[in-house]
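# Descriptive structure summary
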Amino acid sequence: MAITLKINPDAPQPELIARVADCLRNGGVVAFPTETVYGLAASLGSEDGIRRVWEVKRRPDNKPLPVQIAHATQLGSVWRELPHHAMPLIQAFMPGPLTLVYWKHNTIPDFINAGLPSLGVRIPQHPVALSMITQLGVAIVAPSANISGEAAPVKASDISVELRNKIDIVIDAGACPGGLPSTVLDICYTPARILRAGEIGRDELELYLPIAD
């Protein structure tokens, strides 16, 4: 059964964040808050941790895992290049509830994104999530903290007992302010394609990029 750490969402306690980061470095799996819903984190540097995420979520093998980073300067470590055509969009919505899909860096293992050549990345807009990723020092995989097919949790108390029994830490930082999942936008080609509707609407995106019908 996971332990629960209550962390202040406005001023995350450094000693608790350090404890979470150490857990992730050692192959741990952590449920954590974002501005949309609670996510399920494993370090991108831990294959064991990432494979545990697949297992505990019962995630289909053909469904890629999204990645979260702490700052746009880390995009070069997860994508093969910076998408210059999308930089105004990145500056406007990262951090924020937008996941951008672009060509993955060749160092990213294929099993993370189901063998696809692209990778979904976002920067969360939540102090706890940002502190955790910054302290860890590398990106995380971060799907929602639920069994596949179930509703994504917006409070720590919404995380199922089944999932809690299989992970290491649940961070309880209160309710997520958003509740809707991030919008997922594929920017590999022009026009870009919305793969999942979410917090950021089409009208907002079209201010920065042409969007396919």
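The structure we're discussing is the one just above.
So, here's what we can say about the structure. (Residues numbered from 1 in each chain as written. Predicted model: local features only at pLDDT ≥ 70, side-chain atom pairs only at ≥ 80, totals over all residues. Heavy atoms only, no water.)

## Regarding the overall build of the chain
Stated precisely, the cut-off is as follows: Strands are runs of DSSP state E lasting at least 2 residues, helices are runs of H or I lasting at least 4, and numbering of each runs from the N terminus. As defined in this context, the radius of gyration uses C-alpha atoms, and a globule is described by 2.2 Å times the residue total to the power 0.38. Two residues qualify as a contact provided that any one of their heavy atoms is within 4.5 Å of a heavy atom in the partner residue. We get accessible surface area from the Shrake-Rupley algorithm with a probe of 1.4 Å; when it comes to residues, only the shown protein chains can shield them.
For the chain, the count of helices and strands is seven helices and ten strands. Relative to the compact-globule value of 17 Å for 213 residues, the chain shows a C-alpha radius of gyration of 16 Å, a close match. Along the first, second and third principal axes, the C-alpha set of the chain runs to 45 × 30 × 30 Å. In the chain, the share of contacts with a sequence separation of at least 24, taken over all contacts with a separation of at least 6, comes to 65%. Surface summary for the chain: the accessible area is close to 9,400 Å², and the carbon and sulfur share equals 52%.

## Points about the side chain of Arg122
The cut-off we apply is this: Working definition: with a 1.4 Å probe on protein chains only, accessible area under 20% of the residue-type maximum means buried, over 50% means exposed, and in between means partly exposed.
The topology assignment puts Arg122 in strand β6 (residues 118–122). With a relative accessible area of 4%, Arg122 lands in the buried category. With sequence-adjacent residues up to four places away left out, Arg122 is seen in contact with Thr34, Glu35, Thr36, Val67, Gln68, Ile69, Met94, Gly96, Pro97, Leu98, Thr99 and Ser182.

## Remarks on the packing of helix α1 (residues 14–25) against helix α5 (residues 127–136)
The criterion, for reference: Here an axis means a line fitted to C-alpha atoms, over the contact stretch when the element is a helix, while the angle between two N-to-C directions is reported on a 0 to 180 degree scale. In what follows, roughly perpendicular refers to angles from 65 to 115 degrees, roughly parallel to angles under 35, roughly antiparallel to angles over 145, and oblique to any angle outside these ranges. Crossing handedness follows the turn of the near helix against the far one: under a right angle anticlockwise gives a left-handed crossing, and clockwise gives a right-handed one. Under this grouping Gly is polar, as are all residues other than the nonpolar Ala, Val, Leu, Ile, Met, Phe, Trp, Tyr, Cys and Pro and the charged Asp, Glu, Lys and Arg.
Two numbers describe how α1 lies on α5: the axes approach to 9 Å, and their chain directions differ by 55°. Viewed along their axes, α1 and α5 adopt a mutual orientation that is oblique. In terms of crossing hand, the pair formed by α1 and α5 is right-handed. Residues Ile17, Ala18, Val20, Ala21, Leu24 and Arg25 of α1 pack against Val128, Ser131, Met132, Gln135 and Leu136 of α5. Among the residues making up the contact of α1 with α5, the classes are represented as eight nonpolar, two polar and one charged.

## Description of the pattern of salt bridges
The condition is simple: Any Lys or Arg side-chain nitrogen located within 4 Å of an Asp or Glu carboxyl oxygen qualifies as a salt bridge.
As enumerated under the stated definition, the model contains eleven salt bridges in all. In this structure, the salt-bridge partner of Arg193 is Asp186, at a minimum N-O distance of 2.9 Å. Two residues, Glu206 and Arg202, come together in a salt bridge whose shortest N-O distance is 3.2 Å. Residue Glu206 is classed as partly exposed on the basis of its relative accessible area of 38%. By relative accessible area, which is 28% here, Arg202 ends up partly exposed.

## Observations concerning α1
Selection criterion: Expected helix span is taken as 1.5 Å per residue step, with the number of steps being one fewer than the number of residues.
Here α1 contains twelve residues, and its C-alpha end-to-end distance of 16 Å stays within 8% of the 16 Å for a straight helix at 1.5 Å per residue. Close packing links the buried residues of α1 with β1 (3–6), β2 (30–32), β3 (39–43), α5 and β8 (169–172). With its phi angle positive at about 85°, Gly27 sits one or two positions after the end of α1.

## With respect to the environment of Lys63
Among the secondary structure elements, Lys63 is positioned in the loop between α2 (47–57) and β4 (67–68). A relative accessible area of 44% means that Lys63 is categorised as partly exposed. Between the C-alpha atom of Lys63 and that of Ile123, which follows or precedes it by 60 residues, the distance is 20 Å. In this structure, Lys63 is in contact with Trp54 and Ala114, ignoring residues within four places of it in sequence.

## Considerations on the pairing of β3
Quick reminder of the rule: Should DSSP find at least two bridges between two strands, the strands are regarded as paired.
Along β3, five of the five residues are buried, which leaves the element largely enclosed by surrounding structure. Burial along β3 is two-sided: Gly39, Ala41 and Ser43 and Leu40 and Ala42, pointing in opposite directions, are all buried. Alignment of β2 against β3, held across three bridges, turns out to be antiparallel. Following the sheet pairing, Phe32 is matched in β3 by Gly39. Taken together, β2 and the strand that follows it, β3, pair antiparallel across an intervening segment of six residues. In terms of strand pairing, β3 meets strand β7 (residues 140–141) through two bridges, oriented antiparallel. Pairing of Ser43 across the sheet is with Ile140, part of β7.

## Details of the packing of aromatic side chains
Note the cut-off: Ring pairs shown here join Phe, Tyr and Trp side chains whose ring centres sit within 6.5 Å, with only the six-membered ring taken for Trp; geometry is labelled stacked below 30 degrees between planes, edge-to-face above 60, and tilted in between. Two conditions define a charge sitting above a ring: the NZ of Lys or the CZ of Arg must be within 6 Å of the ring centre, and it must be within 35 degrees of the ring normal.
Inspection of every chain in the model, using the stated rule, returns three aromatic pairs. Both rings, one in Phe93 and one in Tyr208, keep their centres 5.6 Å apart while their planes meet at 80°; by these two values the pair is edge-to-face. Of this pair, Phe93 sits in helix α4 (residues 87–93) while Tyr208 sits in the segment after α7 (202–205), and the two are 115 residues apart along the sequence. By relative accessible area, which is 34% here, Tyr208 ends up partly exposed. A cation over an aromatic ring shows up here: Arg51 above the ring of Phe111, its NZ or CZ 4.0 Å from the ring centre.

Function-wise, these values are silent; they only describe arrangement.
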